[in-house]
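For reference, the chains in residue letters:
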Amino acid sequence: MIDSSGQTRERWSYDVFFSFRGPDVRKGFVAHLYKSLLRSGIYTFKDDEELAKGESMSPKLLKAIQTSKILLVVLSKSYASSSWCLDELVHIMRCRESGAGQFVLPIFYRVDPSHVRRQTGSFGESFDKLRNRHPERKLQQWREALTQVSHFLGYHTRNWDNDAQMIDEVTRDILERLPSSYLHLPTYAVGIISRVSRIKELMCFGLDDVQIVGIWGMAGIGKTTLAKAAFNKFSHRFEGTSFLENFRDYFKKPEGKFHLQKKLLSDILRRRDDAVFNNMDHAVKQRFRNKRVLVVIDDVEDVVQLHSVAIHLSCFGPGSRIIITTRNKHLLEQLGVVNIYSPKELNADESLDLVSWHAFKESEPPEEFLQLSKNLVEYCGGLPLAMEVLGAFLYKRSVPEWKSTLESLKRIPDDNIQAKLQISFDGLNALQKDIFLDISCFFIGMDKDYVGCILHGCKLDPGIGLSVLKERCLITVHDNRLMMHDLLRDMGRYIVQGTSRSNCETWSRLWDRDHVIDVLANYSGTDATEGLSLKAEVTAVENFEAKAFSNLRKLRLLQLSHVALNGSYENFPKGLQWLCWLGFPEESFPINLHLRSLVVMDMQKSNLKRLWNDQKPHVPLKELKYLDLSHSIHLIETPDFSYLPNLEKLLLINCQSLVKVHKSIQVLQGSLILLNLSGCIKLGELPLELYTLKSLETLILSGCSHIERLDDALGELESLTTLKADHTAITQIPSSSYKLKKLKELSLHGCKELWKDRHYTNSDESSQVALLRPLSLAGLNSLKTLRLGCCNLTDELVPENLGSLSSLEELDLQGNSFRNLQTDFAGLLSLQILKLDNCSELRSMFSLPKKVRSLYARNCTVLERTPELKECSVLQSLHLTNCYNLVETPGLEELKMVRVIHMEMCNSIPYTDRERIMQGGAVGSSGGIFVPGSSLPDWVNFKNGTRSISFTVPDPTLNFDLIGFTVWTTYVSQQDDVMSACTPNITLKNQTKGDIWSRNPATEHIRMYLEKHIWQGHFSNEDFLLETGDQVEVSVDFGDEVTILETGLTLAYREVTEVPNEQLTEIDDEVPNEQPAETDDEVDYEVLIDESQRRPPRKVGMGLKTVLGAFGLLAFIVVLGKHGSPLRRHNHLRRNKIEKDKEKDATVHIFSFLDY
């Protein structure tokens, strides 16, 4: 076939065919070489099957040899004992002689080529075993093939110090013999395969539009390596390819634009001459429009760079893919990129593996270096660049040298790592650099809004600045807290030190305790210092003179913890914008401490009784936005707010002596947005002036146990979005609450007196029911979260208009006393979370929300039947633990999205119903199903009486793809109804490929019982990419307090249907990964997809929505047993609805496998 460029397109299905004798090399040398080839994107056929005696080679194997570019023969001592291997070798030599251009590369693994040539020595002994079992004609064919291959130039183990070195060189050699588009990857590129499979999902093969895939991450995370691996892996799918490495650096050079355009044109058009187009911009825009191309643009800094080189989506033909690697997420957003992959740091196991390969050239560190290696892993924080650089540096170094290096790294970062990381920093403007340095020295782990308030006061424009830092991977935000990689933190602090490493007085920021003490003790501070942090031990207060700060005139950030200052504050820095003084020792604030520029005052755990005594500050603190006096247990009253006229946030959490909120709070009616008084147990009432705060958005009174009422003026808080009054003595919500049109969260958990009318005076207890009035929720149309748990709610006191809250997303009614919950939840279409735990008298419910995702009804001990569940089509977690009398959960077995089902101690549910529930579980719901039971279901016929099970993945022989597996286990404990302290863990070892995965099921800790229970967990093969012939061990660990009694496993397959050519569109074999509702936290599953051992891409009808859709279509289930053989088939069928014009059941095929 001739393509449009005039070049003959190669017909190879594989780059390399692997011929070897299994027992003596499979798990060692061959496994490591195979992984090295995969990492480098070399498509390799490795046959792990051994044919039964007398069988001939399959057509599949013969074709694999014929369509492989390089034929790699590993001649080991036992190679000649296998008639299978010798037949392979004969066919390999015939293919080489056919003139098809194949190349034979022998590896003499611990055998001498002369022994192979003459069949002597230990190699000959192996060959002699075949003499009496085969005819002379066959023996002669084998001798000739062995003689031939022994004369070829190859690799001999005696020429190498270790296998790792030889593997590296073999990989390089093969790469050089393959087409020049192949890019060399690091020898020890750990974790590449799994991450490239994630990129594959984003490539959307099969769609004809032109798409960009972004790889975005911090420096050193491996973006370029991943892009190269993806390029190697996918380039065969395209008519033209180009990899523009170091795009940013080339662009900045004088002839950079010309170089990049010329490389792009020459790569794709396959012109290796020095031809120059008259108009390079025009050529880039026009010459590829009809070509399906793959272009990787590595390390792009700015969208202007791409535009200048004239690269645009319209330049490329249908089906083209452009991969862009960058540190700048905003660049991808400017380009409208939707598919963005952000590589995660290597986990602990991967990191130790990578460090070990670089430092010791072995998969595991020597025992005496194990802890040192773990220390290095911890320092590197999962950053591949750091592990490669430091691991290589420590190669062949002694234990003392390791210890010395690790100690010095605490003070001085490695130059090579530092230079790479600093590229992102250098691209920031001056304000953004200041923000980065402030965070690296003081604010890591702090609330983003809190830090933003400080930075805003410093006029550093945090709104855009923090966004830029996040886009460039210099910070991350988790749970609204600013986080930074440890190596980036060290880089920032190293930049602050500049060239004056030993002269800390000249640094702009001081964070190290020893340096700060030295400066303060010697009165050596200078105007250079802008920020200072000193955290003393809680049990040992540090004492200094206040005048030690007199030379720090430019100080804007000051953080002290358990520090006492003596003397006058007259010369204290007057430009402070952040004062964080935890454990402030005085009973009032010094009057001569001038804080007119202060923006944030954080005085938690102080000894203050009042902020100021009788004397007031000389001038109002007009800049103060944030005041936190929380946990100041001696504080009696709030300050006079007339001196804090622009305060926005006031936190007085757990001020246990507070009895008064100053009435001057009304001056804050245009500024205060948050007031937190939680835990102020002596506070009995709120001043009427508080209800004038028109700007107040959040009011928290939880734990104010003496507050009995809220004034009817509550409705005047027109901006209120959050009201929390848990565990207060409040008896009613004021009738004016209907005016709270913006209220989104109302929490009254534990308000046991909420329903009593304090004005009712009848003392006759028999009339007590007359004292009770249900809560009115009228008018609260914006309410999203309502918590009424443990409020003594009976049937009569459930709010009548509860079912009218159309915006409600979370409803907590746990711990109440109603028996028949008659609220019609079906109309609450926004309700996603419903909590009914510990409603011990609940007997029935009218309905459930149709869009509910999580239903909690644990310890509802008299509940016998749940409402119909089949309408809850998006239900993801169901918690019915300890519902002892529950006998029926209608419709549960029909739900396909449920990830977690907890039914521990639901012994009244018939076992047949429990089996039906387990049969209905959807593949991918790794959280699993927990039900009572002492033995695994009958259809799991092959089990193992330990916590692990081993098997070999069988060949389905027909058009079926392995899409997942189900693990089953029975367990018991010596504890009863107690949560385990250990997180459950599932470990899968692919002994064929040498890969190990550890997964935590998406569920909480195991609840332990004296009675036996069954856990069933489903796992998608997109996590593990098991393939035919893989030898696998799966083990279950629920912690030391839980005993695993039995383990079983089933495999799930999906049929891939062939359709006529005229209906074909080429797409992937794999199903795209469905994004979970929760995020990656949650659990960040790595998907590991390797096409090199799969069938070539199939033509699959796009009408088959199952191919692109759900995990649930199980064509058949194969039960696997203990010792690695495929086990007996069974007829348990699973079905999934296909969403098309009409629904129809999937066709299920059952067939058996040959043992091998």
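Being a predicted model, the structure only gives us computed values, none of them experimental.

### Focus on the overall build of the protein
- Scanning the protein for helices and strands turns up 26 helices and 48 strands.
- Sorting the 1156 residues of the protein into buried and exposed places 56% on the buried side.
- Entry remark: accessible area of the protein is about 48,600 Å², with carbon and sulfur atoms responsible for 47%.

### Here's the deal with the sheet that holds strand E36 (residues 948-952)
- Strand order across the open sheet formed by four strands is E36-E43-E39-E40, with antiparallel pairing between neighbours. The open sheet has two free edges, formed respectively by E36 and strand E40 (995-999), since each of these has just one partner strand. Strand-to-strand, the axes of this sheet are offset by a mean angle of 15°, without reference to chain direction.
- Alignment of strand E39 (residues 985-990) against E40, held across five bridges, turns out to be antiparallel. Pairing of Thr987 across the sheet is with Ser998, part of E40.

### A few points about the packing of aromatic side chains
- Evaluation of the coordinates by the stated rule reveals 27 aromatic pairs.
- A centroid spacing of 6.5 Å and a plane angle of 65° characterise the contact between Trp1015 and Phe1019, whose relative ring orientation is edge-to-face.
- Under the relative-accessibility criterion, Phe1019 is labelled buried at 2%.
- Where Trp1015 meets Phe1038, the ring centres are 5.7 Å apart and the plane angle is 75°; that geometry is what we call edge-to-face.

### Notes on the pairing of strand E34 (residues 928-932)
- Of all five residues making up E34, five are buried, and the element is well covered by its neighbours.
- Burial along E34 is two-sided: the residues Gly928, Phe930 and Pro932 and Ile929 and Val931 are all buried.
- Note that strand E33 (residues 900-902) and E34 share three bridges and pair parallel. From the neighbouring strand, Val900 faces E34, where its bridge partner is Gly928.
- Of the pairings in the sheet, the one linking E34 to strand E42 (residues 1013-1020) comprises four bridges and is antiparallel in character. Counted as the bridge partner of Pro932 is His1013 from E42.

### With respect to helix H9 (residues 223-234)
- Compared with an ideal rise of 1.5 Å per residue, which puts 12 residues at 16 Å, H9 spans 16 Å between its outermost C-alpha atoms and is within 8% of the ideal.
- Burial of H9 is extensive: 11 of the 12 residues sit out of reach of the surface.
- Within the span of H9, buried status applies to Lys223, Thr225, Leu226, Ala227, Lys228, Ala229, Ala230, Phe231, Asn232, Lys233 and Phe234.

### Here we look at the sheet that holds strand E4 (residues 103-108)
- If you trace the five strands from one edge of the open sheet to the other, you get E2-E1-E3-E4-E5, paired in parallel fashion. In this open sheet, the two edge strands, each paired with only one partner strand, are strand E2 (44-46) and strand E5 (155-156).
- Sheet analysis places strand E1 (residues 14-20) next to strand E3 (residues 68-75), joined by six bridges and oriented parallel. In the strand pairing of E3, Ser19 is matched with Val73.
- Together, E1, E3, E4 and E5 form the strand contacts of helix H7 (residues 163-177), whose direction differs from that of E4 by roughly 175°.

### Things to note about the environment of Gly124
- Note on placement: Gly124 falls in helix H5 (residues 121-128).
- With 47 residues separating them along the chain, Gly124 and Lys77 place their C-alpha atoms 8.6 Å apart.

### A closer look at unusual backbone geometry
- Positive phi is not limited to glycine here, since Asp299 has a value of about 65°.
- Mapped onto the secondary structure, Asp299 falls in the loop between strand E8 (293-297) and helix H13 (303-308).
- When its relative accessible area of 12% is taken as the criterion, Asp299 is described as buried.

### Notes on the nonpolar core
- Leu532 and Leu677 are the most contacted members of the largest nonpolar core, which has 228 residues in total.
- Per-element accounting of this core gives the leading share, seven residues, to helix H20 (residues 430-443).

### Observations regarding the environment of Ile107
- Tracing the backbone shows Ile107 in strand E4.
- Put simply, Ile107 and Tyr155 are 48 residues apart on the chain and 4.7 Å apart in space, counted from C-alpha to C-alpha.
- Filtering out sequence-adjacent residues up to four positions away, Ile107 remains in contact with Phe29, Leu33, Leu72, Val73, Val74, Leu75, Tyr155, Met166 and Val170.

### Notes on the side chain of Ser606
- Position of Ser606 among the secondary structure elements: in the loop between strand E19 (600-602) and strand E20 (626-628).
- On the basis of relative accessibility, which here comes to 5%, the residue Ser606 falls in the buried class.
- In terms of polar contacts, Ser606 uses its side chain to reach the backbone carbonyl oxygen of Met603, at 3.5 Å.
- A polar contact is formed between the side chain of Ser606 and the backbone nitrogen of Leu608, at a distance of 3.3 Å.
- When sequence neighbours within four positions are dropped, the list of residues in contact with Ser606 reads Gly583, Phe584, His631, Ser632 and Ile633.

### What to know about helix H8 (residues 192-203)
- With 12 residues, H8 extends 16 Å from end C-alpha to end C-alpha; this agrees with the ideal 16 Å at 1.5 Å per step.
- Of all the 12 residues making up H8, 12 are buried; the element is thus mostly covered by neighbouring parts of the structure.
- Taken together, the buried positions of H8 are occupied by Ile192, Ile193, Ser194, Arg195, Val196, Ser197, Arg198, Ile199, Lys200, Glu201, Leu202 and Met203.
- In the stretch just after H8, Cys204 is the one whose phi turns positive, near 55°.

### Brief notes about the pattern of salt bridges
- Inspection of the entire model under this criterion finds 38 salt bridges.
- For Arg172, the salt bridge identified is with Asp168, shortest N-O distance 3.6 Å. Of this pair, Arg172 and Asp168 both sit in helix H7, four residues apart, which is roughly one turn of that helix.
- We classify Asp168 as buried; its relative accessible area is 17%.
- A salt bridge links Arg248 to Asp249, with the shortest nitrogen-to-oxygen separation between them at 3.3 Å.
- When its relative accessible area of 8% is taken as the criterion, Arg248 is described as buried.
- With relative accessibility at 34%, the residue Asp249 sits in the partly exposed group.
- Linked through salt bridges whose partners overlap, the residues forming this network are Asp434, Asp438, Arg509, Glu530 and Arg556.

### Here's the deal with the confidence of the model for the protein
- This prediction gives the protein a mean pLDDT of 82; 85% of its residues lie at or above 70.
- The low-confidence segment residues 1-10 (pLDDT under 50) makes 16 contacts with residues lying over four places distant or belonging to another chain.
- The model gives residues 1058-1156 a pLDDT under 50, and that stretch makes 267 contacts with residues more than four places away or in other chains.

### A few points about the environment of Val16
- Along the chain, Val16 turns up in strand E1.
- Sequence separation between Val16 and Ile174 is 158 residues, and the spatial gap between their C-alpha atoms is 8.5 Å.
- If we skip the residues at most four places from it in the chain, Val16 touches Leu37, Ile42, Tyr43, Thr44, Phe45, Ser68, Ile70, Leu72 and Ile174.

### Observations regarding the packing of helix H16 (residues 370-380) against helix H18 (residues 399-409)
- One way to put it is that H16 packs onto H18 with a least axis distance of 11 Å and a crossing angle of 20°. The orientation of H16 relative to H18 falls into the category roughly parallel. You can see that H16 and H18 cross each other, and the crossing is left-handed. Of the residues in H18, those in contact with Leu372, Ser373, Asn375, Leu376 and Tyr379 of H16 are Val399, Trp402, Lys403, Leu406 and Leu409.
- Residues that form the contact of H16 with H18 fall into these classes: seven nonpolar, two polar and one charged.

### Quick notes on the side chain of Ser242
- Mapping Ser242 onto the fold places it in strand E7 (residues 240-244).
- A distance of 2.8 Å separates the side chain of Ser242 from the side chain of Asp267, its partner in a polar contact.
- When near neighbours in sequence (up to four residues on either side) are disregarded, Ser242 contacts Phe231, Lys263, Leu264, Asp267, Ile268, Leu294, Val295 and Val296.

Definitions and cut-offs
Residues numbered from 1 in each chain as written. Predicted model: local features only at pLDDT ≥ 70, side-chain atom pairs only at ≥ 80, totals over all residues. Heavy atoms only, no water. Helix = DSSP H or I, 4+ residues; strand = E, 2+ residues; numbered from the N terminus. Buried < 20%, exposed > 50% of the residue type's maximum accessible area, 1.4 Å probe, protein only. Areas by Shrake-Rupley, 256 points an atom, 1.4 Å probe, with all protein chains shown as cover. Pairing = 2+ DSSP bridges. Axes fitted to C-alpha atoms, helices over the stretch in contact; angles between N-to-C directions. Phe/Tyr/Trp six-rings, centres within 6.5 Å; stacked < 30°, edge-to-face > 60°. Expected span 1.5 Å × (residues − 1). Contact = heavy atoms within 4.5 Å. Core = buried A, V, L, I, M, F, W, Y, C linked by side-chain atoms within 4.5 Å. Polar contact = N/O pair within 3.5 Å; in protein donor to acceptor, adjacent residues only side chain to side chain. Salt bridge = Lys/Arg side-chain N within 4 Å of Asp/Glu carboxyl O. pLDDT = per-residue confidence, 0-100. Parallel < 35°, antiparallel > 145°, perpendicular 65-115°, else oblique. Left-handed = near helix turned anticlockwise from the far one by under 90°. Nonpolar A, V, L, I, M, F, W, Y, C, P; charged D, E, K, R; others polar.

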